[in-house]
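Spelled out from the first residue to the last, the chains are:
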Amino acid sequence: MKSFKIAVLPGDGIGPEVMAEARRVLSAVEAKFSLQFELTEARVGGIAIDVDGKALPEETVRVCRESDAILFGSVGGPKWESLPPNEQPERAALLPLRKLFGLFANLRPGICFPKLTHASPVKESIVAGGFDVLCVRELTGGLYFGQPKYCREEDGDVIAVDTMVYKKSEIERIAHVAFKAAQGRRKLLTSIDKANVLENSVLWRKTVIEIGKQYPEVTLQHLYVDNAAMQLVKNPKGFDVILAENLFGDILSDEMAMITGSLGMLPSASLGLQETATGRFGLFEPSGGTAPDIAGKGIANPIAQILSVAMMLRYALGEPAAADAIDAAVLKVIDDGLRTGDIWSEGTRRIGTKEMGEAIAAAI
Ligand code: IPM
Ligand code: MG
């Protein structure tokens with residue numbers, strides 16, 4: 001029997017509730033596919049600040065290091081918003097985790113499910129039939145991590161500096177991830193840049209074109225980031241895979257998630273450099289946040305967390321059949337008319353977090 005070690009980091013807000021349902025689904029997968037998951041829970045985010053004094057305790061890092069993958073909930077909440085920005089759960093937990101484990105490739109699927117187009121804020125004529133876009137975001141470079149980075153008083157004024165840096169090799173490796181993803185989909189790759197202004201973007205575009213020669217079957221197009229923001233709302237179906245550097249990808253992936261209308265259903269994967277026998281070490285988490293307004297009420301949508309389990313099985317653990325089974329089970333419960341409040345509409349059945357988890361586990 002194949003066995004995997006998984007670091008489970010539920011975090012704050014709705015994190016623990018939706019993680020409980022992800023664990024339920026993992027158990028169903030274990031039974032059906034003769035796999036064994038050894039789950040170790042560790043604290044991260046606000047709860048870790050409260051208990052351990054910091055958002056990412058050493059013990060949590062150790063648990064992650066000893067695992068085959070990290071299953072992450074979400075972190076942050078009003079309680080910790082008054083802390084200095086670099087001590088806040090989001091920044092102090094996520095960014096170091098990305099850097100520590102070299103999680104350079106962030107895959108963010110933006111799927112508007114055909115049966116859920118009513119939840120999209122975009123006109124029905126644009127989203128009718130649904131759409132499926134994958135954002136491939138570079139996650140360990142650019143403005144987020146470039147040095148120097150500071151804010152200080154100088155000559156009677158205050159100056160803040162962030163530095164945008166990309167090495168060609170960093171662009172190459174993320175471009176390969178995006179081209180490979182496009183190969184397995186509709187073979188259209190849109191690379192995002194601001195090559196009319198930024199040196200970084202000039203190198204980005206040139207490098208992506210070079211790498212593209214190795215993928216002749218993939219059609220490559222380039223869009224300036226401002227134009228891409230417009231085209232995404234105007235015609236999301238015109239996109240297949242989007243490739244973007246860290247900050248552009250941060251912004252566009254939120255826009256993309258919003259227009260799907262199903263933020264509570266979108267998972268994400270952050271994959272590392274380290275290739276293992278079964279895939280790549282990575283961190284798997286919902287695209288949405290901690291939703292403090294509904295935390296503890298048992299009404300949050302657990303599907304994003306559950307689909308994150310599917311991404312983990314697919315990309316880190318090399319178990320595509322088990323991943324497919326989860327994806328199919330989610331589609332089935334949607335087809336059966338089961339809905340949490342965020343995706344509910346007239347004529348469907350409103351259920352809570354636990355019932356949704358149970359229904360998906362039963363469908364596996
Ligand atoms: C995300 C988030 C993070 C980011 C924040 C919380 C640091 O917005 O994962 O998209 O900017 O990358
Ligand atoms: Mg973001």
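Residues numbered from 1 in each chain as written. Chains lettered and ligands numbered in written order. Predicted model: local features only at pLDDT ≥ 70, side-chain atom pairs only at ≥ 80, totals over all residues. Heavy atoms only, no water.

1. Some details on the packing of aromatic side chains
Selection criterion: Stacked, tilted and edge-to-face pairs are distinguished by plane angle, under 30 degrees for stacked and over 60 for edge-to-face with tilted covering the rest, among Phe, Tyr and Trp rings (Trp via its six-membered ring) whose centres lie within 6.5 Å. Only DSSP runs of H or I covering at least 4 residues are called helices, and only runs of E covering at least 2 are called strands; the numbering of each starts at the N terminus. A simple rule labels every residue: compare its accessible area, found with a 1.4 Å probe on the protein chains alone, to the largest value its type can have, and call it buried under 20%, exposed over 50%, or partly exposed in between.
Throughout the structure, instances matching the rule amount to five aromatic pairs. Relative to Phe37, the ring of Phe4 has its centre 6.2 Å away and its plane inclined at 25°; by these criteria the two rings are stacked. Of this pair, Phe4 sits in strand S1 (residues 2-11) while Phe37 is found in strand S2 (residues 35-41), placing the two residues 33 residues apart along the sequence. Overall, the relative accessible area of 5% leaves Phe4 in the buried class. Exposure remark for Phe37: the relative accessible area of 9% places this residue in the buried category. When the centroid spacing of 5.7 Å and the interplanar angle of 70° are considered together, the rings of Tyr166 and Trp204 count as edge-to-face. One end of the pair, Tyr166, is in the loop between strand S7 (157-161) and helix H6 (168-183); the other, Trp204, is in helix H7 (residues 199-212), with 38 residues separating them in the sequence. On the basis of relative accessible area, Tyr166 is assigned to the buried category, the value being 8%.

2. Focus on helix H8 (residues 225-234)
Selection rule: Throughout, the arc means that of the directions going from the helix axis to the C-beta atoms. A contact between two residues is defined here by any heavy atoms of the two lying within 4.5 Å.
Among the residues making up H8, those that are buried are Val225, Ala228 and Leu232. When H8 is viewed along its axis, its buried side chains cluster within an angular range of 45° and face the same direction. In this structure, H8 carries Met230 and Lys234 as exposed residues pointing more than 90 degrees from its buried face. On its buried face, H8 sits against strand S8 (188-193), strand S9 (219-224), strand S10 (241-244) and helix H9 (246-260).

3. Focus on unusual backbone geometry
Among all residues save glycine, negative phi is the norm, and among peptide bonds the norm is trans. Between Gln147 and the following residue, Pro148, the backbone shows a cis peptide bond with an omega angle of 0°. Notably, Asp155 is not glycine yet its phi reads approximately 50°, a positive angle. Along the polypeptide, Asp155 turns up in the loop between strand S6 (150-154) and S7. Residues other than glycine seldom take positive phi values, yet Lys187 does so here, at roughly 65°. Its place among the elements puts Lys187 in the loop between H6 and S8. With a relative accessible area of 33%, Lys187 lands in the partly exposed category.

4. Notes on the site of ligand 1
The criterion, for reference: It suffices for a single heavy atom of a residue to lie within 4 Å of a molecule or strand for the residue to be listed as near it. As used in this structure description, the phrase polar contact means that two N or O atoms lie within 3.5 Å; if the pair is within protein, one of them must be able to donate a hydrogen and the other to accept it, and residues adjacent in sequence are counted only when both atoms belong to side chains. Where accessible areas are quoted, they stem from the Shrake-Rupley method and a 1.4 Å probe; at the residue level, only the protein chains shown are allowed to cover. Gly counts as polar in this scheme, as do all residues outside two lists: the nonpolar Ala, Val, Leu, Ile, Met, Phe, Trp, Tyr, Cys and Pro, and the charged Asp, Glu, Lys and Arg. Where a domain begins and ends is set by an automatic assignment or by a domain database.
The immediate surroundings of ligand 1 are formed by Glu90, Leu95, Arg98, Arg108, Arg137, Tyr144 and Asp250. A distance of 2.8 Å separates an oxygen atom of ligand 1 from a polar side-chain atom of Arg108. The fraction of the free accessible surface of ligand 1 (320 Å²) that becomes covered by protein chains is 75%. In terms of residues, the shell around ligand 1 owes the most to one element, helix H4 (residues 89-100), which gives three residues. Considering only residue class, the shell around ligand 1 consists of two nonpolar, no polar and five charged. Counting contributing residues, the shell around ligand 1 receives three or more from each of domain 1 (1-107 + 267-364) and domain 2 (121-260).

5. Here we look at the domain arrangement of the chain
The domain boundaries assigned to the chain delineate domain 1 (1-107 + 267-364) and domain 2 (121-260). Computed over C-alpha atoms only, the centres of domain 1 and domain 2 are separated by 24 Å. The partner domain 2 presents twelve residues to the eleven residues of domain 1 that form the contact. Linking domain 1 with domain 2 are three residue pairs in polar contact (both at pLDDT 80 or more), by the criterion used here.

6. Quick word on the pattern of salt bridges
Close approach of charged atoms allows side chains with opposite charge to pair. Rule in force here: When a carboxyl oxygen of Asp or Glu lies within 4 Å of a side-chain nitrogen of Lys or Arg, that pair is called a salt bridge.
Taken as a whole and assessed by the stated rule, the structure comprises 26 salt bridges. As a salt-bridge pair, Glu319 and Lys2 come within 2.5 Å of each other at their nearest N and O atoms. Pair noted here: Glu319 is in the loop between helix H10 (303-315) and helix H11 (320-335) and Lys2 is in strand S1, with a separation of 317 residues, a long-range link. On the basis of relative accessibility, which here comes to 11%, the residue Glu319 falls in the buried class. A relative accessible area of 47% places Lys2 in the partly exposed class. For Arg43, the salt bridge goes to Asp52, with nearest N and O atoms at 2.8 Å. According to the relative accessible area criterion, Asp52 is partly exposed, its value standing at 33%. One connected set of salt bridges, linked through shared partners, spans Glu21, Arg24, Lys354 and Glu358.

7. What about the state of the cysteines?
The line we're drawing: Two cysteine sulfur atoms form a disulfide, by the criterion used here, when they sit within 2.5 Å.
Scanning all chains against the criterion turns up zero disulfides. Here Cys112 stays free of any disulfide, with the sulfur of Cys135 as its closest cysteine sulfur at 17 Å. Judged by relative accessible area, which is 1%, Cys112 ranks as buried. Judged by its relative accessible area of 1%, Cys135 is buried.

8. Quick look at the environment of Val218
Among the structural elements, Val218 can be located in the loop between H7 and S9. Take Val218: its relative accessible area is 7%, and that puts it in the buried class. Taking C-alpha positions, Val218 is 24 Å from Gly318, a pair spaced 100 residues apart along the chain.

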